[in-house]
Amino acid sequence: MATGPDCQYVTLLILLHSLTSESAKFDVLGPTEPIVAVTGDDIILPCYLKPNISVEDMTVDWLNLDFIDEHVYRYQNGRIIQEDQIPSYKGRTSLFKEELWRGNTSLKLTRVQGTDEGLYECLIKSQRWYEYVQIQVHVKAVGSRPVVSIEGHREGGMGLVCQSEGWHPEPDLVWLDSKGVSLSAGPPETHRDIKGFYTVKKHVIVQETDTNLFTCRVQQRRINEEVETEVHIPSELFDYTTPWRWSFIVSWSLGVITVIGLPLAVYWIHKKKAYLWTRNDRTDDLPDLG
Ligand SMILES: *[C@@H]1O[C@H](CO)[C@@H](O)[C@H](O)[C@H]1NC(C)=O
Ligand SMILES: *[C@@H]1O[C@H](CO)[C@@H](O)[C@H](O)[C@H]1NC(C)=O
């Protein structure tokens with residue numbers, strides 16, 4: 001018999017199977033625009049299923065594609081999987097547990113740092129299906145106001161050095177004269193710390209001018225930010241007849257403070273110099289750093 005109960009049973013099975021595999025499919029959606037985060041902030045990386053079915057028995061993987069074989073966050077069989085989590089994300093990531101039953105797998109990332117920048121992937125796997133969405137995250141941080149230090153007489157001029165910390169992305173540092181003309185300076189020295197922030201530093205040798213005003217400007221055009229410090233170097237310091245028996249460092253954080261602070265600094269330096277000379281005369285063991 002060709003149309004017996006067996007045959008109907010098989011038809012039913014096929015029908016059921018195609019129904020379940022249809023309903024097992026889902027899309028994974030996220031933001032279309034990149035996310036821009038400011039360091040220190042807490043952010044949400046949106047990701048959710050369509051239709052809004054529960055992911056409680058699925059695997060949710062959040063990845064930063066700069067890292068291979070490690071994840072930002074993994075949720076599997078109702079548990080958070082700690083193994084192979086990228087160390088810099090430890091203690092800073094979570095899902096919204098009360099949202100999982102309706103397919104919302106958005107990631108909460110706290111205390112954003114420079115190393116969080118990158119292309120993320122929200123990958124969701126069920127028994128029969130998987131789908132993902134990718135999200136670009138940019139991190140921005142404005143660094144500290146530049147700190148300028150005087151290094152002393154160098155190659156026929158006065159050596160200055162400027163430093164600014166805590167930037168993201170990497171900024172540019174320029175030395176300018178009082179007319180805003182860029183001075184030729186040494187190569188930039190850039191350092192990236194473990195949290196992904198940049199410190200920049202640049203040496204310059206300046207000659208005496210009418211104003212003796214010099215500006216160190218640190219700028220990051222992509223995030224449209226700049227900070228600067230103006231310093232005034234008193235002409236006495238350019239005087240070659242003054243022996244530089246040691247190298248000294250005077251720092252200012254503000255141009256305004258510079259104006260008030262310099263006479264004090266000069267006074268302090270002269271006092272200190274007198275002290276060192278007497279000390280030197282007595283012990284003669286002071287290294288010549290000048
Ligand atoms: C799931 O989506 C449907 C239609 O898109 C909506 O009516 C329903 O409220 C949503 N359910 C939840 C739990 O968000
Ligand atoms: C997912 O949950 C987060 C946190 O509650 C919420 O901000 C976001 O709007 C939710 N997304 C959707 C699509 O429901």
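From a predicted model like this one, the values you see are computed outputs, not experimental measurements.

Asker: Teacher, can you tell me more about the state of the cysteines here?
Answerer: Here is the idea: a disulfide is a covalent bond, and it sits between the sulfur atoms of two cysteines. Taken as a whole, this structure holds two disulfides when the rule is applied. The disulfide partner of C162 is C216, and the gap between their sulfur atoms is 1.9 Å. The sign of the S-S torsion, about -80 degrees, decides the handedness of the disulfide formed by C162 and C216: left-handed. Remark: C216 occurs in strand β17 (residues 213–220) and C162 occurs in strand β13 (residues 157–167); sequence separation between them is 54 residues. Classification of C162 by relative accessible area gives buried; the value is 0%.

Asker: Help me understand the packing of aromatic side chains, please; the structure alone is not making it clear to me.
Answerer: Enumeration over the complete set of coordinates arrives at one aromatic pair. Geometrically, the ring pair formed by Y89 and Y120 is edge-to-face, given 6.4 Å between the ring centres and 90 degrees between the ring planes. One end of the pair, Y89, is in the loop between β7 (79–80) and β8 (93–95); the other, Y120, is in strand β10 (residues 118–125), and 31 residues separate them in sequence. Take Y89: its relative accessible area is 0%, and that puts it in the buried class.

Asker: Quick question: what am I supposed to make of unusual backbone geometry here?
Answerer: Note on backbone geometry: most residues besides glycine have negative phi, and most peptide bonds are trans. The omega torsion of the bond from K50 to P51 falls at 0 degrees, within 30 degrees of zero and hence cis. Of note, the amide linkage connecting H168 to P169 takes the cis form, showing an omega dihedral of -5 degrees. As for its placement among the helices and strands, P169 is situated in the loop between β13 and β14 (172–177). We note that D69 has phi near 65 degrees; this positive angle belongs to a residue other than glycine. Turning to its location among the elements, D69 is positioned in the loop between β5 (59–64) and β6 (73–76). Residue D69 is classed as exposed on the basis of its relative accessible area, which comes to 69%.

Asker: I tried to follow the side chain of E151 on my own but got confused; where do I start?
Answerer: Residue placement: E151 occurs in strand β12 (residues 147–154). One buried charged residue, E151, forms no salt bridge at all, with the nearest opposite charge on R154 at 4.5 Å. Side chain to side chain, E151 and H203 meet in a polar contact 2.9 Å long.

Definitions and limits used
- For every chain, the first residue of its written sequence is number 1, and the numbers climb from 1 along that sequence.
- Chains and ligands are labelled sequentially in the order written, the chains with letters from A and the ligands with numbers from 1.
- Residues qualify for local features only when their pLDDT is at least 70, as the model is predicted, and side-chain atom pairs are given and counted only at 80 or more; totals for whole chains, interfaces and linings, by contrast, use all residues.
- Side-chain measures here rest on the full set of heavy atoms in the structure, leaving out hydrogens and waters.
- Pairs of cysteine sulfur atoms within 2.5 Å are what we label disulfides.
- Strands are runs of DSSP state E lasting at least two residues, helices are runs of H or I lasting at least four, and both sets are numbered from the N terminus onward.
- Each residue gets one of three labels from its accessible area relative to the maximum for its type: buried under 20%, exposed over 50%, partly exposed in between, using a 1.4 Å probe on protein chains only.
- What counts as a ring pair is set by centres within 6.5 Å for rings of Phe, Tyr and Trp (its six-membered ring), and what kind of pair is set by the plane angle: stacked under 30 degrees, edge-to-face over 60, tilted for all other angles.
- Think of it this way: Lys and Arg go in the positive column, Asp and Glu in the negative one, and His and the chain ends go nowhere.
- By convention in these notes, a salt bridge is any Lys or Arg side-chain nitrogen within 4 Å of a carboxyl oxygen on Asp or Glu.
- Polar contact is defined as a pair of N or O atoms within 3.5 Å, subject to the rule that within protein one atom must be able to donate a hydrogen and the other to accept it, and that residues adjacent in sequence are counted only when both atoms are side-chain atoms.

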